[in-house]
There are 2 protein chains.
Amino acid sequence: MSEVQSVDRAAQILQLLSAESPLSVSEISRRLQVHRSTASRLMATLEAHDLVEQEGQRGAYRLGFGLLRLASAVTARVDLSRDAQACCDAAAASLNETVNVAILDAGYAVTITQTVGQRMIGVARQYVGQRAPLHATSTGKVLLACSPAAEQDRVLAAPLEAFTASTITSPEVLTAELAAVRERGWASAVAEWEEGINALAVPVRGPQGAVVAAFSTTAPAFRLPESTFAEHVEMLREAAGQLESRLGYLPGVRASGG
Amino acid sequence: MSEVQSVDRAAQILQLLSAESPLSVSEISRRLQVHRSTASRLMATLEAHDLVEQEGQRGAYRLGFGLLRLASAVTARVDLSRDAQACCDAAAASLNETVNVAILDAGYAVTITQTVGQRMIGVARQYVGQRAPLHATSTGKVLLACSPAAEQDRVLAAPLEAFTASTITSPEVLTAELAAVRERGWASAVAEWEEGINALAVPVRGPQGAVVAAFSTTAPAFRLPESTFAEHVEMLREAAGQLESRLGYLPGVRASGG
DNA sequence: GAACGCTGTTGCACTATATGCAACAGTATC
DNA sequence: GATACTGTTGCATATAGTGCAACAGCGTTC
């Protein structure tokens, strides 16, 4: 149980509305299992802070623009998000699939920018802000492979959760996989985090040459079979190179892996 | 006073952290005027929902990536935000000033995308998610001038708040100003919302030719004097045209004003 | 190394707030 | 007109939220 129940409920309301919008006060009271008057007061407080807003006169509620203000403060903190978005847009146009940039944060791969491929508009999963497991995603494998040995040991020592039948759950297998990632300079996830979804990722280096992000593409397995990995990797490398040049990275200086 | 005090406090914490980051539990307790244990519990609940996160072991707190997830749901709802960001980036590069795209929402001009000009990085005011008054901003004047007469009458009937000595507060003067905006196809705000800050805006039309957004540039008055308005308007029209073509608007079809 | 100041956390008791209830007005459907 | 559902609000009550005290930890100063 959370520390402050009413704040917990308010946060749950925001999560409900991000998944499904709009929702009525009554529907929210049913899902939170509280009285309609409780839901109404929670919504009124969130609305006062612009975190939700009411469509029209009678219900229903949706998320408010105040969240954009708060989120802007988050992306402002991540230096590369501004450049990354532009490069995602360009890469999504050339790859014609969903493209993401993720950073390593508190033991997870966190997507900070995403451009949905034309074929996936309206149906693509939202990854921005999502904490993805390092062992089961292409971006996670890239970020982990290029991390200090201590970080890698920490992940390998923890239980490796299975998300699908294909998820790597053996520390030995993961160790070999990370070595292969370093060797060839890219990572793949073949239905390892989500059934039927494949992904490829390459590293993005910062001004000093350290890996600061991973650049990836995601698609249904039938559109991203292993036979096409090489060509997609080349496109990803080109896109990542665009971002790296914006970040001030000079290729050939202390390059490792690919 | 808000309806649910502890939710109100939690929302205030998020606002404090968006303005200044990171902040310690003790500092937050001082600013909210609550006990340190209260602040600690509020932070713990926000942290459980990824709305804040702790840097390192000992304080301090900053906003969390969970806000990006929520904000993504907001921008996903605003159809034109994806295209608008790319056009803002391009326009900011050519204008070399801050550029914004705003939509009309609940009687306000709400900025949905912003690219900060190179000269303003680090110091520019954050407009994204901000509700700007229609009578005192360039985007607001564009959006209001191109609104149905009923919406214009509603704004003109309400008290026109003065934000600076230059703000238009007379309904007659504002009516004439809106007619001029429609006539020439652009609006200006000369230190009307913020002292020393000038702004210019042009309309952005959707597929059916209706005005769906305003495209603006903002700069200190000395860099955007009235003598340079004409050239800046041309650049804005070009940028807005880029966005309009992405949105499917064909110039010459039912064009009104400029 | 000791003293001091500040930090964040947590168990506990108390009280102030959050809650549910009841009632109301409004809307949509049959 | 009857019915069902909606969102809001005054009020009383129960519970959660709060402050207090104590603790452990960290950084600074002497």
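What this report covers is the structure whose coordinates are included nearby. The residue count restarts for each chain, going from 1 along the sequence in the order it is written. For naming, the first written chain is A and the first written ligand is 1, with later ones following in the order written. Predicted model: local features are reported for residues with pLDDT of at least 70 only, side-chain atom pairs are reported and counted for 80 or more only, and whole-chain, interface and lining totals are derived from all residues. The basis for the side-chain values is all heavy atoms of the structure; hydrogens and waters are excluded.

With that out of the way, let us pick up the nonpolar core. Throughout this description, the term nonpolar core refers to a set of buried Ala, Val, Leu, Ile, Met, Phe, Trp, Tyr and Cys residues connected via side-chain atoms within 4.5 Å. Only protein chains enter the accessibility calculation, which uses a 1.4 Å probe; a residue is then buried when its area is under 20% of its type maximum, exposed when over 50%, and partly exposed in between. Counting residues in hydrophobic clusters, the biggest one holds 110 residues, and the most contacted among them are A:Leu80, A:Val101, A:Phe215, B:Leu80, B:Val101 and B:Phe215. The contact rule is simple, with two residues in contact once any of their heavy atoms fall within 4.5 Å. With sequence-adjacent residues up to four places away left out, B:Val101 is seen in contact with B:Leu80, B:Ala84, B:Cys88, B:Val110, B:Thr111, B:Ile112, B:Thr113, B:Ala213, B:Ala214, B:Phe215 and B:Leu243.

What follows concerns unusual backbone geometry. The peptide bond linking A:Ser21 to A:Pro22 adopts the cis configuration, its omega dihedral lying at -5°. Helix numbers and strand numbers start at the N terminus; a helix is a DSSP run of H or I with at least 4 residues, a strand a run of E with at least 2. Inspection of the secondary structure assignment puts A:Pro22 in the loop between α1 (5-19) and α2 (25-32). One non-glycine residue, B:Asp50, lies in positive phi territory at about 65°. With respect to the helices and strands, the residue B:Asp50 is situated in the loop between α3 (36-48) and β1 (52-54). B:Asp50 sits in the buried class, given a relative accessible area of 11%. Here B:Ala191, not a glycine, exhibits a phi torsion of approximately 55°, which is positive. What makes B:Ala191 buried here is its relative accessible area of 12%.

With that settled, consider the interface of chain A and chain B. Across the boundary between the two partners, chain A contributes 52 residues, which contact 52 residues of chain B. Buried area: the accessible area, evaluated with a 1.4 Å probe, that two parts lose upon being put together, summed over both parts. Roughly 4,500 Å² is buried in total at the junction of chain A and chain B, and carbon and sulfur atoms are behind 64% of that figure. Should a side-chain nitrogen of Lys or Arg be within 4 Å of a carboxyl oxygen of Asp or Glu, the pair is scored as a salt bridge. Across the chain A-chain B interface, the total number found is 8 salt bridges. Between B:Asp105 and A:Arg62 there is a salt bridge, with the nearest N and O atoms lying 3.5 Å from each other. Think of a polar contact as two N or O atoms within 3.5 Å of one another; within protein, one of them needs to be a possible hydrogen donor and the other a possible acceptor, and neighboring residues in sequence only count if both atoms come from side chains. The tally of links between chain A and chain B comes to 13 residue pairs in polar contact (both at pLDDT 80 or more).

Here we come to the protein's contact with DNA strand C. In these notes, residues near a molecule or strand are those with any non-hydrogen atom within 4 Å of it. As a matter of local geometry, DNA strand C sits amid 24 residues, with A:Arg9, A:Thr38, B:Ser6, B:Ser26 and B:Ser40 nearest to it. Here, DNA strand C places atoms within 4 Å of the protein, and 59% of those atoms are sugar or phosphate. A:Arg41 places a side-chain nitrogen or oxygen 3.2 Å from a base oxygen of DNA strand C. Note that a phosphate oxygen of DNA strand C is positioned 3.0 Å from one of the backbone N or O atoms of B:Gln5. Secondary-structure elements contributing two or more residues to the surface near DNA strand C are α1 and α3 (36-48) of chain A together with α1 (5-19), α2 (25-32) and α3 of chain B. Its residues assigned to classes, the surface near DNA strand C comprises 4 nonpolar, 11 polar and 9 charged. Amino acids are sorted into nonpolar (Ala, Val, Leu, Ile, Met, Phe, Trp, Tyr, Cys and Pro), charged (Asp, Glu, Lys and Arg) and polar (every other residue, Gly among them).

All right, on to the packing of α1(A) against α2(A) then. All names here are of chain A. Orientation is described by lines fitted to C-alpha atoms, with helices fitted over the stretch in contact, and by angles between N-to-C directions that extend from 0 to 180 degrees. At a minimum axis distance of 11 Å, the contact between α1 and α2 shows a crossing angle of 115°. Crossing handedness for the pair α1 and α2: right-handed. Residues Arg9, Gln12, Ile13 and Leu16 of α1 form the contact with α2, whose participating residues are Ile28, Arg31 and Leu32. A breakdown of the residues in the contact of α1 with α2 according to their chemical character gives 4 nonpolar, 1 polar and 2 charged. In a left-handed crossing the near helix is turned counterclockwise from the far helix by less than a right angle, and in a right-handed crossing that turn is clockwise.

All names here are of chain A. Note: two strands are recorded as paired if DSSP finds a minimum of 2 bridges between them. Taken in spatial order, the 6 strands make up an open sheet running β5-β4-β3-β8-β7-β6, and their pairing is antiparallel. Taken across any chain shown, the strands that pair with only one partner, and hence form the sheet edges, are β5 (131-132) and β6 (187-190). Inspection of the sheet shows strand β7 (residues 197-205) paired to strand β8 (residues 211-220) by 9 bridges, in the antiparallel sense. From the neighbouring strand, Arg205 faces β8, where its bridge partner is Val211. The sheet contacts of helix α5 (residues 81-95) involve β3 (98-105), β4 (108-115) and β8, and relative to β4 the element is tilted by about 65°.

Looking now at α2(A). Residue and element names in this part refer to chain A. Within α2 the residues assigned to the buried category are Val25, Ile28, Ser29 and Leu32. Angular distribution of buried residues about the axis of α2 spans 100°; they occupy a single face of the element. At the C-terminal side of α2, Gln33 shows a positive phi close to 55°. Along the arc lie the directions from the helix axis toward the C-beta atoms.

This brings us to the environment of A:Gly129. Among the secondary structure elements, A:Gly129 is positioned in the loop between β4 and β5. Those residues in contact with A:Gly129, other than ones at most four positions away along the chain, are A:Val110, A:Thr111, B:Phe65, B:Leu68 and B:Arg69.

For the rest of this paragraph, the subject is the protein's contact with DNA strand D. Near DNA strand D there are 24 residues, and of these A:Ser6, A:Ser26, A:Ser40, B:Arg9 and B:Thr38 occur at the shortest range. The sugar and phosphate moieties of DNA strand D supply 62% of its atoms located within 4 Å of the protein. One of the backbone N or O atoms of A:Gln5 is found 2.8 Å from a phosphate oxygen in DNA strand D. A distance of 2.6 Å is found between a phosphate oxygen of DNA strand D and a side-chain nitrogen or oxygen belonging to A:Ser40. Elements that contribute at least two residues to the surface near DNA strand D include exactly α1, α2 and α3 of chain A together with α1 and α3 of chain B. Within the surface near DNA strand D, the residues separate by chemical class into 4 nonpolar, 11 polar and 9 charged.

Residues and elements named next belong to chain B. Turning to its location among the elements, Asp83 is positioned in helix α5 (residues 81-95). You can call Asp83 buried: its relative accessible area is 17%. Here Asp83 is in contact with Leu243, Arg246 and Leu247, once residues within four sequence places are set aside.

As a further point, take the sheet that holds strand β3 (residues 98-105) of chain B. Two modes of strand pairing occur in sheets, parallel and antiparallel, and in both the strands are linked by backbone hydrogen bonds. Residues and elements named next belong to chain B. Taken in spatial order, the 6 strands make up an open sheet running β5-β4-β3-β8-β7-β6, and their pairing is antiparallel. Whereas interior strands pair on both sides, the edge strands pair on one side only; in this sheet they are β5 (131-132) and β6 (187-190). The pairing of β3 with strand β4 (residues 108-115) spans 7 bridges and is classified as antiparallel. If you follow Val101 over to β4, its bridge partner there is Thr113.

Right, let's talk about the pairing of β3(A) for a bit. Residues and elements named next belong to chain A. β3 sits mainly inside the fold: 7 of its 8 residues count as buried. Looking at chain direction, β3 and β8 are connected through 5 bridges and run antiparallel. Each bridged residue has a counterpart across the sheet, and for Ala102 the counterpart in β8 is Ala214. Remark: 2 residues form the turn of the hairpin made by β3 and β4, two consecutive strands paired antiparallel; Ala106 in that turn has positive phi of roughly 55°.

Let's shift gears to the pattern of salt bridges. Should their charged atoms come close, side chains of opposite charge can pair. Per the stated rule, a full pass over the model turns up 32 salt bridges over all chains. A salt bridge links A:Arg31 to A:Glu20; the shortest N-O distance between them is 3.1 Å. On the criterion of sequence distance, the pair formed by A:Arg31 in helix α2 and A:Glu20 in the loop between α1 and α2 is long-range, its members being 11 residues apart. The exposure class of A:Arg31 is partly exposed, given its relative accessible area of 35%. Among the residues examined, A:Glu20 registers a relative accessible area of 39% and is labelled partly exposed. What emerges from the salt-bridge pattern is a single network uniting A:Asp50, A:Glu53, A:Arg62, A:Arg69, B:Asp105 and B:Arg131.

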